[in-house]
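Structure assessment
One-letter residues, chain by chain:
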Amino acid sequence: MERTFVMVKPDGVQRGLAGNVIARFEAKGFKLVGLKLVSVSKELAEEHYGVHKERPFFGSLVSFITSSPVVAMVWEGKNVISAARTLIGATNPIEAAPGTIRGDFGMDIGRNLIHGSDGADTAASEIALWFNEDELASWEPATTSWLYE
Ligand code: DAT
Ligand code: MG
């Protein structure tokens, strides 16, 4: 089973969409193992988006993500890293497919509601960046045998 880091960005929290995002991951069958509301520091934002440091939008990305709280989560399940990206949709919400979170709720690339790790290495480093080990729950959902053959 994989784990991935998912974050409802400030626009998603401000628009009251955090519950809808959580509901979609739950309904799909993924297991929630970490969840918290975070007022993001500039240091954490710059570390999280470090790969984009040289991009022209880096400054606005950091100021956006620090502008209002985010909901940080860790989800677990089969192929959850790529499956979460599929649920999330394309980076630009206006091009994202209907049925995806960005496709259903977003308009602008700078207000695309949600982040999901893009691979195994980033998932591991982002989970470690955002969560302490003791913030991640070890539990067995009662539904497991009804979700997995
Ligand atoms: P994703 O969030 O789909 O993984 P990414 O990692 O390429 O996309 O970029 C991180 C975030 O940076 C993205 O969610 C929104 C912002 N961003 C990306 N490309 C952008 C652009 N061309 N203009 C403005 N913001 C952009
Ligand atoms: Mg990315």
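Along each chain, the written sequence defines residue order, and numbers are assigned to residues from 1. Numbering of ligands from 1 and lettering of chains from A proceed in the order in which they are written. In keeping with the predicted nature of the model, local features appear solely for residues at pLDDT of at least 70, side-chain atom pairs appear and are counted solely at 80 or more, and the whole-chain, interface and lining totals rest on all residues. Note that water and hydrogens are dropped before the side-chain values are worked out from all heavy atoms of the structure.

**Points about the side chain of Arg-102**
The condition that has to hold: Starting at the N terminus, helices and strands are each numbered in turn, a helix being any DSSP run of H or I of at least four residues and a strand any DSSP run of E of at least two. For every residue, the accessible area obtained with a 1.4 Å probe (protein chains only) is divided by the maximum for its type, and the residue is called buried under 20%, exposed over 50%, and partly exposed between those limits. His is not counted, nor are the chain ends; Lys and Arg add positive charge and Asp and Glu add negative charge. Think of a salt bridge as a Lys or Arg side-chain nitrogen and an Asp or Glu carboxyl oxygen that are within 4 Å of each other. Under the rule applied, a polar contact is a pair of N or O atoms within 3.5 Å (in protein, one hydrogen donor and one hydrogen acceptor; residues adjacent in sequence only if both atoms are side-chain atoms).
Position of Arg-102 relative to the elements: it lies in helix α6 (residues 101-105). The side chain of Arg-102 is buried and forms no salt bridge, while Asp-11, the nearest opposite charge, is found at 8.1 Å. A polar side-chain atom of Arg-102 sits 3.1 Å from the main-chain carbonyl oxygen of Asn-112.

**As for the sheet that holds strand β1 (residues 2-8)**
What links the strands of a sheet is backbone hydrogen bonding, and the strands pair in either a parallel or an antiparallel sense. What counts here: For two strands to pair, DSSP has to find at least two bridges joining them. Between N-to-C directions, angles span 0 to 180 degrees; the directions come from axes that are lines fitted to C-alpha atoms, helices contributing only their stretch in contact. Any two residues whose heavy atoms approach within 4.5 Å at even a single point are treated as in contact.
In spatial order, the strands read β2-β3-β1-β4; together these four strands make up an open sheet with antiparallel pairing. Of all strands in the sheet, those with a lone pairing partner are β2 (31-38) and β4 (114-116), marking the two edges. With strand direction ignored, the average angle separating the axes of adjacent strands in the sheet is 15 degrees. In this sheet, strand β3 (residues 70-77) lies alongside β1 in antiparallel orientation, the contact comprising seven bridges. Counterpart to Val-8 in the pairing with β3 is Val-71. Against the sheet, helix α7 (residues 120-130) contacts β1, β2, β3 and β4, and its axis sits at roughly 55 degrees relative to β1.

**Re the site of ligand 1**
As a reminder of what qualifies: It suffices for a single heavy atom of a residue to lie within 4 Å of a molecule or strand for the residue to be listed as near it. Accessible surface is estimated by sampling points in the Shrake-Rupley manner with a 1.4 Å probe; for residues, cover comes only from the protein chains shown. Throughout this entry, Asp, Glu, Lys and Arg are counted as charged residues, while Ala, Val, Leu, Ile, Met, Phe, Trp, Tyr, Cys and Pro are counted as nonpolar. The remaining residues, Gly among them, count as polar.
Lining the immediate environment of ligand 1, one finds Lys-9, Tyr-49, His-52, Phe-57, Leu-61, Arg-85, Thr-91, Arg-102, Ile-109 and Asn-112. Within the contact set of ligand 1, an oxygen atom lies 2.8 Å away from a side-chain nitrogen or oxygen of Asn-112. When ligand 1 is considered free in solution it has 520 Å² of accessible area, and contact with the protein chains removes 74% of it. Per-class residue counts for the shell around ligand 1 are four nonpolar, three polar and three charged.

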